[in-house]
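Chains, contacts and geometry: an overview
Take a look at the letters that make up each chain.
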Amino acid sequence: MAAAAGGAEGRSPPSGLSPRPVSPPSPGWGSAVVVLSSDSEPEVVPLAERVKRRLSRGRPSAEGSAARGEEGGERPCGSGERPAAGGGGQGGTAGVLVAEVRPWGGTNGAAGAEGAARGLPQAALAEPAARPGGSPPSGGSAETSPAPKKRKYSQKEREAMCQAAWQRRKEREAQKRQQEQEKERKKTLAKILKAQRPGECQKYITVVLDPAILQVEGGAQVFAALQSANYACVVESQAVPCSITWRRKAVIPQTEDGDEWTEEPNVLVLLRLEEFLSMVRGYKQEAQGCAGDKETLQSFVAQVMKKMPGKILALTVVEVEKYFRCLRAQSKKRLQQATVHRNQGEEQRRKEAKDSGLEISRLDVEEALVDLQLCTQVQVTFFASWEELGEFATMFSKAVAEAPYKREQEKTGFSFYLENKWCRGVKVDPSGKGLFEVWKRQIQQFNRVSLEMAEAVVSAYPSPQLLDQAYSRCSSEQERENMLANILVRRGDGVTATSRRIGPELSRRIYLQMTSHDPDLYLDAT
């Protein structure tokens, strides 16, 4: 043991470390290493020697480690092994196992021993353990970087910075106001569009009736029909007697004074039967060259347009057909009386001729209406009863209410497109509802075919199969081509209604389209 200690003392300590006296190991402390050898007794390696060996192994220089290995005769050891003291140059010490007892446990004790051997303070030894991961700082100690100095701005720079900040704040506020205005505009537009939709627009319409309408025979029925359709009605004096106008309530009032109302451009005027016949009689006399100051339909329309400039005028007359029925009955009665009294005087004949000149026929009415439409673009609608006039007033009010919505719908497409309903097509449900409309539109797609002509064809043959069956029953090709030629097409209503035939040309084109197997066939070819 003395030799081992002397060998340990004979070695010089590493650079930077001062030699310390080695105290004998305390019993039970485990600060010594027992070296077991096959030909020697156990000997104790002092602590200073162990620290010196550990420091020599822990240096990063590979050359130094190799040199020390050659000098001391040490070999690399695994974990838990330690080389025996003095085993470098002596034979017989190979295969020596070193058992080290560490009651303090782990690497902290070794680090503390190394730090003690180096002469480092305990605070420096505790610093690596306090760091995350236990790694010591680079260079042995952390260097604190100096704080950057705050820049000093001049008065002009501070003013420019304040101005820029104020400008940015102003821009943000303007952008925020613009977004709020855009949001409010979209909300208002959505509300206006909703108020224009069918079913909602009637709530904003008020029907204004002249008091003279309620004084005529069936005026109360017209008023009741409008109220039953949930229209707000107001009785006020109008510029034209027996007229009906409409007002629309503003969805978003521009002022806070109250509701805003806008006058609609349409006006419906009721002509009494006596007034209408008198105007037709005046036109008849004027057409015959008779001088007279009687009022005609044209002069009446001119007076109305003068009182209500910019209005769209529509005229209505009730019980015109009743007048013609009475006229036919009177003519028949006079004819019967004439056959009974054949030998009447000359004076009686002149009186009857004068009375017959005052009568108004259907031809006189049609001529007066045609002249009115050509000169003023105003139409006259006839009704057989006051109930029909009430229904017409209700339908007219609905059309006035939905007019803005329909105008907006017409703006969505181009002028050269077909109608909007054509673009959408026809909806056909599983039960087959809608196939009739599809068949009608198929006929209407022929060149020079109007809606009335298509309706006449599909009314006679409601489906393509029925038309094909009718073609199969024909005996010749010529009969098939002319099968649809005599179908009547009716246009208009009342006294202005006209009728015409389909004609052989369209009948032939429909036949070729239904039966031809040539995909390149030109139907309009003669």
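In this report, the structure presented in the accompanying data block is examined.

Thresholds, definitions, all that
Residues numbered from 1 in each chain as written. Predicted model: local features only at pLDDT ≥ 70, side-chain atom pairs only at ≥ 80, totals over all residues. Heavy atoms only, no water. Pairing = 2+ DSSP bridges. Helix = DSSP H or I, 4+ residues; strand = E, 2+ residues; numbered from the N terminus. Axes fitted to C-alpha atoms, helices over the stretch in contact; angles between N-to-C directions. Contact = heavy atoms within 4.5 Å. Phe/Tyr/Trp six-rings, centres within 6.5 Å; stacked < 30°, edge-to-face > 60°. Patch = residues over 30% accessible without salt bridge, like charges linked within 9 Å, V, L, I, M, F, W, Y side chains within 5 Å. Areas by Shrake-Rupley, 256 points an atom, 1.4 Å probe, with all protein chains shown as cover. Salt bridge = Lys/Arg side-chain N within 4 Å of Asp/Glu carboxyl O. Buried < 20%, exposed > 50% of the residue type's maximum accessible area, 1.4 Å probe, protein only. Core = buried A, V, L, I, M, F, W, Y, C linked by side-chain atoms within 4.5 Å.

Moving on to the sheet that holds strand β5 (residues 232-235). Taken in spatial order, the 6 strands line up as β5-β4-β6-β7-β8-β9 in an open sheet, and their pairing is mixed. In this open sheet, the two strands that pair with only one neighbour each are β5 and β9 (380-383). Sheet twist, expressed as the average angle between the axes of neighbouring strands with direction ignored, equals 25 degrees. Alignment of strand β4 (residues 205-209) against β5, held across 4 bridges, turns out to be parallel. From the neighbouring strand, T206 faces β5, where its bridge partner is A232. In the packing of helix α8 (residues 219-228) onto the sheet, the strands contacted are β4 and β5, and the crossing angle to β5 comes to about 145 degrees.

All right, on to the packing of aromatic side chains then. Tallied over the entire structure, the rule returns 6 aromatic pairs. Ring geometry for F276 against F382: centres 5.4 Å apart, planes inclined by 75 degrees, an arrangement best described as edge-to-face. Remark: F382 occurs in strand β9 and F276 occurs in helix α9 (residues 273-288); sequence separation between them is 106 residues. Consider the rings of F392 and F396, whose centres lie 5.7 Å apart with planes at 55 degrees: the pair is tilted.

All right, on to a nonpolar patch on the surface then. Among the surface-exposed residues, V428, L435 and V438 lie close enough to one another that they form a single nonpolar patch of about 230 Å² accessible area. Residue placement: V428 occurs in the loop between α15 (420-424) and α16 (435-444). Residue class for V428 comes out partly exposed when judged on its relative accessible area of 37%.

This part is about unusual backbone geometry. The residue N230 is not glycine, and still its phi comes out positive at about 65 degrees. By the secondary structure assignment, N230 is in the loop between α8 and β5. In the Ramachandran plot, Q377 falls in the positive-phi region, its phi being about 55 degrees despite a non-glycine side chain. Counting through the fold element by element, Q377 comes out in the loop between α13 (362-376) and β9.

For the rest of this paragraph, the subject is the pairing of strand β8 (residues 312-318). Where burial is concerned, most of β8 is hidden: 6 out of the 7 residues are buried. Pairing of strand β7 (residues 261-271) with β8 involves 6 bridges; the strand directions are parallel. For L271, the partnering residue across the bridge sits in β8 and is V317. Where β8 and β9 come together, 4 bridges link them in parallel fashion. Bridge pairing in β9 links T316 to T381.

Across all of its chains, the model carries 17 salt bridges by this definition. For K440, the salt bridge is made with E437, and the minimal N-O distance between the two is 3.3 Å. Placement of both K440 and E437 in helix α16 is noted, with a separation of 3 residues, approximately one turn of the helix. Among the residues examined, E437 registers a relative accessible area of 26% and is labelled partly exposed. Salt bridges sharing partners connect three or more residues here, namely E437, K440, R441 and E455.

Our focus in this paragraph is the nonpolar core. A general feature of soluble globular proteins is that nonpolar side chains tend to end up buried together. Membership of the largest hydrophobic core comes to 29 residues, with the highest contact counts inside it found for F276 and L315. If you list the elements that add at least two residues to this core, you get β7, α9, α10 (297-307), β8, α11 (320-340), α13 and β9. Residue contributions to this core peak at 5 residues, all from α9. Residues in contact with L315, not counting those within four places in the same chain, are V269, L271, F300, V301, L372, V378, Q379, V380 and T381. Listed in part, the 26 residues of the second largest apolar core include C201, V216, F223 and F392.

Any link to function would need more than the numbers given here.
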